[in-house]
Amino acid sequence: MKSNYNRQYMLKLGLFSAGALLCLIPLLSLPTVVSASTRPQTVQIAALNDCVNDISEGFSVETRNYYVGICYTNKGSFYVGRTKKSGDRLVIPVSYNKAKNVYIAKNGEYTYTLDLNKNQLLIKLPNGNLYTDKVIRVIDS
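Residues numbered from 1 in each chain as written. Predicted model: local features only at pLDDT ≥ 70, side-chain atom pairs only at ≥ 80, totals over all residues. Heavy atoms only, no water.

**Details of the nonpolar core**
No. 1: Within the largest apolar cluster, 19 residues are counted, with the highest numbers of intra-cluster contacts made by V68, I70, Y79, Y112, L114 and I123.
No. 2: For this core, the elements supplying multiple residues, two or more each, are β1 (57-63), β2 (66-73), β4 (89-93), β6 (102-107), β7 (110-115), β8 (120-124) and β9 (130-140).
No. 3: Residues in contact with I70, not counting those within four places in the same chain, are E57, G58, F59, F78, Y79, V94, Y103 and L114. (Core = buried A, V, L, I, M, F, W, Y, C linked by side-chain atoms within 4.5 Å. Buried < 20%, exposed > 50% of the residue type's maximum accessible area, 1.4 Å probe, protein only. Helix = DSSP H or I, 4+ residues; strand = E, 2+ residues; numbered from the N terminus. Contact = heavy atoms within 4.5 Å.)

**Some details on the pairing of β6**
No. 1: Across three bridges, the pairing between strand β5 (residues 95-97) and β6 is antiparallel. Opposite N97, over in β6, you have V102 as the bridge partner.
No. 2: From the end of β6 to the start of β7, which pair antiparallel, there are two residues, and G108 there has a positive phi angle of about 65 degrees. (Pairing = 2+ DSSP bridges.)

**Examining the confidence of the model for the chain**
No. 1: Overall, the predicted model of the chain reaches an average pLDDT of 73, with 60% of residues at or above 70.
No. 2: For residues 13-43, every residue scores under 50 in pLDDT, and the model assigns this stretch 29 contacts once sequence neighbours within four places are set aside. (pLDDT = per-residue confidence, 0-100.)

**What to know about the sheet that holds β7**
The pairing of strands in a sheet comes from backbone hydrogen bonds and takes either a parallel or an antiparallel form.
No. 1: Ordered in space as β4-β3-β2-β1-β9-β8-β7-β6-β5, the nine strands form an open sheet in which the pairing is antiparallel. Edge positions in the sheet fall to β4 and β5, since each of these pairs with one other strand and no more. Each neighbouring strand pair of the sheet contributes to a mean axis angle of 25 degrees, computed without reference to strand direction.
No. 2: In this structure, β1 lies alongside β2, joined through six bridges in antiparallel fashion. For E62, the partnering residue across the bridge sits in β2 and is Y67. (Axes fitted to C-alpha atoms, helices over the stretch in contact; angles between N-to-C directions.)

**A short note on the packing of aromatic side chains**
The relative placement of two aromatic rings is captured by the distance of their centres and the angle of their planes.
No. 1: Scanning the entire structure with this criterion turns up five aromatic pairs.
No. 2: Relative to Y131, the ring of Y66 has its centre 6.3 Å away and its plane inclined at 75 degrees; by these criteria the two rings are edge-to-face. Here Y131 lies in strand β9 and Y66 lies in strand β2, a separation of 65 residues in the sequence.
No. 3: Among the aromatic residues, ring-to-ring pairing joins F59, Y96 and Y103 into one connected group. (Phe/Tyr/Trp six-rings, centres within 6.5 Å; stacked < 30°, edge-to-face > 60°.)

**Notes on the side chain of D133**
No. 1: Relative to the helices and strands, D133 is located in strand β9.
No. 2: We note that D133 is buried and unpaired, the nearest opposite charge coming from R64 at a distance of 4.3 Å.
No. 3: In terms of polar contacts, D133 uses its side chain to reach the side chain of T63, at 2.8 Å. (Lys, Arg positive; Asp, Glu negative; His and termini not counted. Salt bridge = Lys/Arg side-chain N within 4 Å of Asp/Glu carboxyl O. Polar contact = N/O pair within 3.5 Å; in protein donor to acceptor, adjacent residues only side chain to side chain.)

**Some points on the environment of T132**
No. 1: Residue position: T132 is located in strand β9.
No. 2: Residues T132 and L122, ten residues apart in the sequence, show an inter-C-alpha distance of 4.6 Å.
No. 3: What T132 contacts, discounting residues up to four positions off in sequence, is Q120, L121 and L122.

**Quick look at unusual backbone geometry**
Outside of glycine, negative phi angles account for most residues, and trans bonds account for most peptide bonds.
No. 1: Look at N101: it is not a glycine, yet its phi comes out positive at around 60 degrees.
No. 2: Located in the positive-phi region is N119, a residue other than glycine, with phi close to 50 degrees.
No. 3: Along the chain, N119 falls in the loop between β7 and β8.
No. 4: When its relative accessible area of 39% is taken as the criterion, N119 is described as partly exposed.

Here you go:
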């Protein structure tokens, strides 16, 4: 009888541990979206309104984990990233390299590169690792 109790206890402990591990894996696999600052600049707030409310020109793409927009306003060009999981948004100035057909946006130690030739989003993390997410579709252009 004691052996049966120990077996049940070990099974419960194993299932609990597996469940806890499954909850932690998503936190380790994707980069975190970091806001440009705790108090966004006035230009970025205006750009967010223009870009999110579709008042401006630009295009959007979808990857497995993100929606990414390149937004052109009279205040400049902006990278608008939104995670599918949490819906967190990031609006930061973006530059365009016409020769390479890539958009590059920097936010502190993070660098977001939308490569239209390779149809992928690259996110360089502060530790130097590179996260790659393939473009699934162009939403509008």
